[in-house]
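Below, each chain spelled out in residue letters.
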Amino acid sequence: MPVEPAVLAPDDGDQEAGPQRPGPVRGERSAWSTLRPLVLRLHFYAGLLIAPFLLVAATTGLLYAGSFQAERFLYADELRVPAGDRELPVSQQVEAARKAHPRGEISAVRPSPEKGATTRVLLSGVPGVGAGHTLAVFVDPYTAEVRGDLEQYGSTGALPLRTWIDELHRDLHLGQPGRLYSELAASWLWVIAAGGLVLWFGRRRAQRALRGSKGRRRTLSLHGTVGVWAAIGLFMLSATGLTWSTYAGASIGDLRTALDQTTPTVTATVGEHAEHTGAGGAATGGPEGVGLDAVLASARAEGLSNPVEIVPPADASSAYVVRQIQRSWPEKQDAVAIEPTSGQVTDVQRWADYPVLAKLSRWGVDLHTGSLFGLANQIVLAALALSLIVLIVLGYRMWWQRGRGSSFGRPLPRGAWQHVPPYVLVPLMAAIAVLGYFVPLLGIPLTAFLLVDVVWGEIEYRRGRRPVAPPV
């Protein structure tokens, strides 16, 4: 929850002290009473500085949540056809796609997953198609008519509209450097949300005073209420966003490797004795291979129901790989390898055999991208994005109201950490250091903020106007 705490004391921590340094704390105080000013200051400044990045991520995320339905409407001619009585063999559909687009190599085939849906033949190496993208040729499964072609990106089958929005959300169309913005937002979102929750539940009695209030206190109440309801979803977005980020994602990947929790893959090597020429001949059948129809039949016999993707052999020692690509249902992720010349299944990989962290990672990514439960998932994502936008707007409004007409966004007093007892502060700093190491876009900005804050505080102190956090 960015920018402001959910609940503040009646004075909201606005007091300012003279140039004296904080003195010793009198009497016994709870750990929370010493930590609260520190959490308050971290929540305020982290929200204030990170909120612009979060606002961009939330806005582009909102666009992405709606892109699924927009894509279906915009590309209806390519995606849908009148349902017929009988589908033609997949190999015949691929031949029609190749006649229309003879250039490039067949990288995968996605047979029609349901009545009225087209088959996609994916071509790689086509001139004019962006790196990492394929050309999807859409074929009517009942007539073999080519309905059109569009660039496709990723395993979710994103077409140009969704791809453009996805890249805007991920890196602002700036490539690798642009990914720093989204990782920074994901790294800090959970910290800001956690700080807001701690402040909210730490001052539950003060919540009654905010009911029916006006001005800043009313804004504060709305900010806290929205934040509490959205907190679990924000934690989810932060955690799943970090799993495929540049730096934190690498740390998570190393951890999964160390724990032997990586995502398993089906073995596609069948040996040097296989006499076929790869995707060209084996895909359509003939002396080089059994062809797509027999391969698909073998996969069906192993229980692989729609939707599936067929990947042709990469070379003379490779097998076909057929895998389920259903993202809206988490358990349809089985895959098989099929020997091209005989059509025999050589390896099977079941979703049930995935390690726990591999399953959680798959679910998390699909949940974050709005694929896991289809439309319901997309509605929840849109609601979370809107909630985050509202929280940011309310937070900045509180910052404005904090000045009370005399100064814009008066800062919170410094020195809160000096009231935290060592037995709490030392383990806390150690935990933050470890976390910052594995999540560098959390650790580096936090370190920079602390250094700037200390230096600036010392300058203010020497000038005789250093605000100091009073004991709570």
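Remember, it's a predicted structure, so these values are computed and weren't measured experimentally. (Residues numbered from 1 in each chain as written. Predicted model: local features only at pLDDT ≥ 70, side-chain atom pairs only at ≥ 80, totals over all residues. Heavy atoms only, no water.)

Caption draft 1: Layout of the overall build of the protein chain. Of regular secondary structure, the protein chain possesses 14 helices and eight strands. Within the span of the protein chain, comprising 472 residues, buried residues form 51% of the whole. At a minimum sequence separation of 6, the contacts of the protein chain that also span at least 24 residues come to 68%. Total accessible area computed for the protein chain in this model is approximately 22700 Å², and 62% of it derives from carbon and sulfur atoms. (Helix = DSSP H or I, 4+ residues; strand = E, 2+ residues; numbered from the N terminus. Buried < 20%, exposed > 50% of the residue type's maximum accessible area, 1.4 Å probe, protein only. Contact = heavy atoms within 4.5 Å. Areas by Shrake-Rupley, 256 points an atom, 1.4 Å probe, with all protein chains shown as cover.)

Caption draft 2: Structural view of a nonpolar patch on the surface. A grouping of Leu428, Met429, Ile432 and Leu450 is seen on the molecular surface, where their side chains present a nonpolar patch of about 300 Å² in accessible area. Among the elements that take part in the nonpolar patch, helix 13 (residues 422-438) stands out by supplying three residues, more than any other. Checked against the element boundaries, methionine 429 lands in helix 13. Overall, methionine 429 belongs to the partly exposed group, its relative accessible area being 41%. (Patch = residues over 30% accessible without salt bridge, like charges linked within 9 Å, V, L, I, M, F, W, Y side chains within 5 Å. Salt bridge = Lys/Arg side-chain N within 4 Å of Asp/Glu carboxyl O.)

Caption draft 3: Examining the UniProt feature "transmembrane region" (unreviewed entry) in the protein chain more closely. Mapped onto this numbering, the UniProt entry gives "transmembrane region" (unreviewed entry) at residues 42-65, 180-201, 222-244, 379-399 and 420-438. With 100% helix and 0% strand, residues 180-201 has end C-alpha atoms that lie 32 Å from one another. In this annotation, residues 379-399 is assigned 100% helix and 0% strand; the end-to-end C-alpha distance for the span is 30 Å. (UniProt positions renumbered as here; feature names shortened; annotations may be inferred.)

Caption draft 4: Spatial organisation of the pairing of strand 8 (residues 345-349). Two strands pair when backbone bridges link them, and strand 7 (residues 335-338) and strand 8 are joined in this way by four bridges, in the antiparallel orientation. Across the sheet, the residue bridging to isoleucine 338 is valine 345, located in strand 8. Following strand 7, the chain reverses through six residues before pairing antiparallel with strand 8; glycine 343 in that reversal takes a positive phi of roughly 80 degrees. (Pairing = 2+ DSSP bridges.)

Caption draft 5: Region of interest: the packing of helix 5 (residues 179-202) against helix 7 (residues 215-243). Between helix 5 and helix 7, the shortest axis-to-axis distance is 8 Å and the interhelical angle comes to 145 degrees. The two elements helix 5 and helix 7 meet at a crossing, and its hand is left-handed. Only Ser221, Gly224, Thr225, Val228, Ala231, Leu234, Phe235, Leu237, Ser238, Gly241 and Leu242 of helix 7 make contact with helix 5, whose side of the interface consists of Glu183, Ala186, Ser187, Leu189, Trp190, Ala193, Ala194, Leu197, Trp200 and Phe201. For the contact of helix 5 with helix 7, a count of residues per class yields 14 nonpolar, six polar and one charged. (Axes fitted to C-alpha atoms, helices over the stretch in contact; angles between N-to-C directions. Left-handed = near helix turned anticlockwise from the far one by under 90°. Nonpolar A, V, L, I, M, F, W, Y, C, P; charged D, E, K, R; others polar.)

Caption draft 6: Main features of the packing of helix 7 against helix 11 (residues 356-368). Viewed as axis vectors pointing N to C, helix 7 and helix 11 meet at an angle of 115 degrees, and their least axial separation amounts to 9 Å. On the basis of the axis angle, helix 7 is roughly perpendicular to helix 11. Seen from above, helix 7 lies across helix 11 with left-handed handedness. Contacts between helix 7 and helix 11 pair Met236, Leu237, Thr240, Gly241 and Thr243 from the former with Gly364, Val365, Leu367 and His368 from the latter. (Parallel < 35°, antiparallel > 145°, perpendicular 65-115°, else oblique.)

Caption draft 7: Molecular detail of the pattern of salt bridges. For the structure shown, the criterion picks out nine salt bridges. Here arginine 327 and aspartate 366 are joined by a salt bridge, their closest N and O atoms 3.6 Å apart. Here aspartate 366 lies in helix 11 and arginine 327 lies in the loop between strand 6 (320-324) and strand 7, a separation of 39 residues in the sequence. Classification of aspartate 366 by relative accessible area gives buried; the value is 2%. The residue arginine 350 makes a salt bridge to aspartate 334 at a minimum N-O spacing of 3.2 Å. With a gap of 16 residues between them, arginine 350 in the loop between strand 8 and helix 11 and aspartate 334 in the loop between strand 6 and strand 7 connect regions that are remote in the sequence. The exposure class assigned to aspartate 334 is buried, which follows from its relative accessible area of 13%. If you follow the salt bridges from partner to partner, you end up with Arg110, Glu309 and Arg323 in one network.

Caption draft 8: Layout of the side chain of threonine 369. Among the secondary structure elements, threonine 369 is positioned in the loop between helix 11 and helix 12 (375-402). Relative accessible area serves as the criterion here: at 15%, threonine 369 is assigned to the buried category.

Caption draft 9: Region of the structure containing the packing of aromatic side chains. Following the criterion strictly, the structure yields seven aromatic pairs and no others. On the basis of an interplanar angle of 40 degrees and a centroid distance of 5.7 Å, the ring pair of tyrosine 45 and phenylalanine 449 is categorised as tilted. Placement of tyrosine 45 in helix 1 (residues 31-74) and of phenylalanine 449 in helix 14 (residues 440-462) is noted, with a sequence separation of 404 residues between them. Judged by centre distance (5.7 Å) and plane angle (55 degrees), the ring pair of tryptophan 351 and tryptophan 363 falls under tilted. Of the two residues, tryptophan 351 sits in the loop between strand 8 and helix 11 while tryptophan 363 sits in helix 11, which places them twelve residues apart along the sequence. Taken together, the ring pairs in this structure connect Phe44, Tyr45 and Phe449 into an aromatic cluster. (Phe/Tyr/Trp six-rings, centres within 6.5 Å; stacked < 30°, edge-to-face > 60°.)

Caption draft 10: Quick peek at the nonpolar core. Membership of the largest hydrophobic core comes to 33 residues, with the highest contact counts inside it found for Leu54, Trp188, Leu234, Leu237 and Leu388. Among the elements of the structure, helix 1, helix 5, helix 7, helix 12 and helix 14 are those that each provide at least two residues to this core. Counting 23 residues, the second largest nonpolar core, distinct from the first, contains Val94, Ile106, Leu123 and Val139. (Core = buried A, V, L, I, M, F, W, Y, C linked by side-chain atoms within 4.5 Å.)

Caption draft 11: Main features of the side chain of arginine 170. As for its placement among the helices and strands, arginine 170 is situated in helix 4 (residues 160-171). With relative accessibility at 17%, the residue arginine 170 sits in the buried group.

Caption draft 12: Main features of helix 3 (residues 90-100). Looking at helix 3, one finds that the buried residues are Val90, Ser91, Gln93, Val94, Ala96 and Ala97. At its buried positions, helix 3 is contacted by strand 1 (105-110), strand 2 (119-124), strand 3 (133-139), strand 4 (146-153) and helix 10 (292-301).

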